[in-house]
Amino acid sequence: MTEPRELLIGQTVALSPDRPLSAGHDTRGGVLICDGKIEMVGHGPEMQTRFPDAKVTDYGEGLLLPGFVDAHVHYPQTAIIASWGKRLIDWLNTYTFPEEMKFGDPEYAAKIAARFFDLSLSHGTTTVASYCTIHPESVDAFFAEAQRRGVAAVAGKTCMDRNAPEGLRDTVASAYDDSRALLEKWHGKDRLSYAITPRFSPTSTREQLEALGALWTDYPLCLMQTHLSEQPDEIVWVAELFPEAKDYLDTYEMTGLLGHGGVYGHSIHLTDRERARLCEVDAALAHCPTSNTFIGSGLFDMEYFHRIQEKRVGLGTDTGGGSSFSMLRTMAAAYEIAQLRGLALHPRELLWLATEGSARALRLGDRIGRVAAGMDADIIVLDLASTPAIAQRAAQAETIWDAVFPTIMMGDDRAIRDVRVMGKPVKPC
Ligand code: GUN
Ligand code: ZN
């Protein structure tokens, strides 16, 4: 049955890199939604005349944007976000692994999954790609909660058969069998997709990586997500564990885990060979800037991957290695890291990375990540004056980009005025 149409009115702006910066801003833009889809985008008053029966929701100066897409996050680390004083390997052993141990309990997993979606949605994130834990229960809890809320979501069982504590290790066979069973259960159901998920080379034997590579060959339409070259100590460790590999990326390539549909988190300290190879196979990278500063990992090369290599990058909070659930804060950190490398990312690029860039990295760019006719109606409304500090700065703005940049740099969940998932309001109070 067709639902009544709704016309959202507010400011609209084109994020597409193909449009001139001065084009595509409408202070009274209109987005017509029907049956969970965007039917038309245009000028609000004209659309009101053309569709007199549509229910009108007028957000005034609110900015209508695609819902944010978090391309790399760990929902099981929700409760340990902002844990003090460690770098990657110590941080995993001290905080992460003990917390992840709890997810064999389906009730605990369900409680944290619900908390995680409350937090993500209230920060304007309508799609995430999450790691789970080694426990199949953690994957069921995540997908059940995502399904209940009607969101598009990606996740997978995190596989580890070595260098993790007792109780947090699977085996070659169980990683393969569990991943396959979960994939068959959830992939393609409603708006859900499965990602084959080896945590990273140090916590998998070559045999486990090969088994997961074989699984990916059998299900090439699934994503594969993992971590790559986050910290120098980790890279040295990988070289010791895999002496036969040319470099870190090769540990994935020689086991069938490099390719189109692969999403490689962090990817900071890469050799020229690794960078070229990632681009050759059309792999996607997830830049996790708050995490990269918080755990002291390093400065991602946005110039190369976003500007030169045709936009193969999405943005991830990497919660709880990352220090915020907010994609606004994540964009701000991406801006700051690029500045440290001599690159000033434009507000449009930052918004594009957090929406279409991440959606494309997750191979969902044909359904989400843009406010355009035919796309799913996952839409957020930004208040560009959500705090006194932001409001006084935005009041000086002469262009929409100048008006939105203070919210990118200083905004948080208070800037998220409304959140629509398939057209329906979902912002938790
Ligand atoms: N590398 C392997 N596992 C993790 C994780 O959980 N978080 C981060 N930031 N890096 C990792
Ligand atoms: Zn991560």
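The numbers attached to residues start from 1 for each chain and follow its sequence in the written order. Just so you know, chain letters begin at A and ligand numbers begin at 1, following the order they were written in. Given that this is a predicted model, residues contribute local features only at a pLDDT of at least 70 and side-chain atom pairs are listed and counted only at 80 or more, while totals for whole chains, interfaces and linings are drawn from all residues. As a rule here, side-chain values cover all heavy atoms of the structure and leave hydrogens and water aside.

### Regarding the site of ligand 1
Line of reasoning, step 1. The immediate surroundings of ligand 1 are formed by 13 residues, with H74, Q77, R199, E230 and D318 found nearest.
Line of reasoning, step 2. Areas reported here follow the Shrake-Rupley algorithm with a probe of radius 1.4 Å; residue values treat only the protein chains shown as occluding. Contact with the protein chains covers 100% of the free accessible surface of ligand 1, which is 280 Å².
Line of reasoning, step 3. Using only the protein atoms, space was sampled on a 1 Å grid; points where a 1.4 Å probe fits but cannot get out form cavities, open sets with protein on both sides within 12 Å along at least five of seven lines form pockets, and lining residues are those with an atom within 4 Å of a point. In this scheme, a molecule is assigned to a cavity or pocket if more than half of its atoms are within 2 Å of the grid points. Its atoms largely coinciding with the cavity grid, ligand 1 occupies the largest cavity.
Line of reasoning, step 4. Secondary structure counts use DSSP, requiring at least four H or I residues in a row for a helix and at least two E residues in a row for a strand, with both numbered from the N terminus. If one sorts the elements of the shell around ligand 1 by residue count, helix α2 (residues 88-100) sits on top with 3 residues.
Line of reasoning, step 5. Class assignment of the residues belonging to the shell around ligand 1 gives a composition of 5 nonpolar, 5 polar and 3 charged. Here a residue is considered near a molecule or strand provided that any single heavy atom belonging to it is located within 4 Å of it. Only Asp, Glu, Lys and Arg are considered charged in this grouping, and only Ala, Val, Leu, Ile, Met, Phe, Trp, Tyr, Cys and Pro are considered nonpolar; every other residue, Gly among them, is considered polar.

### Remarks on the pattern of salt bridges
Side chains that differ in charge, positive against negative, can pair when their charged atoms come close.
Line of reasoning, step 1. The salt bridge definition used is simple: a Lys or Arg side-chain nitrogen within 4 Å of an Asp or Glu carboxyl oxygen. Going through the model one piece at a time under the given rule, you end up with 32 salt bridges.
Line of reasoning, step 2. The closest approach of N and O atoms between E145 and R149, which form a salt bridge, is 2.8 Å. Taken together, the residues E145 and R149, both in helix α4 (residues 136-149) and 4 residues apart, mark about one turn of the helix. The pair formed by E145 and R149 is uniform in burial state, with each residue classed as buried.
Line of reasoning, step 3. The shortest N-O distance in the salt bridge between E356 and R360 comes to 3.7 Å. One end of the pair, E356, and the other, R360, are both in helix α13 (residues 347-361), 4 residues apart, so they sit about a helical turn from each other.
Line of reasoning, step 4. R360 sits in the partly exposed class, given a relative accessible area of 36%.
Line of reasoning, step 5. Several salt bridges converge on common partners, so that one network encompasses K37, R191, D376 and D378. Partly exposed describes any residue whose relative accessible area lies between the buried limit of under 20% and the exposed limit of over 50%, with all areas from a 1.4 Å probe on protein chains only and scaled to the type maximum.

Purely geometric stuff here, so don't read any function into it on its own.
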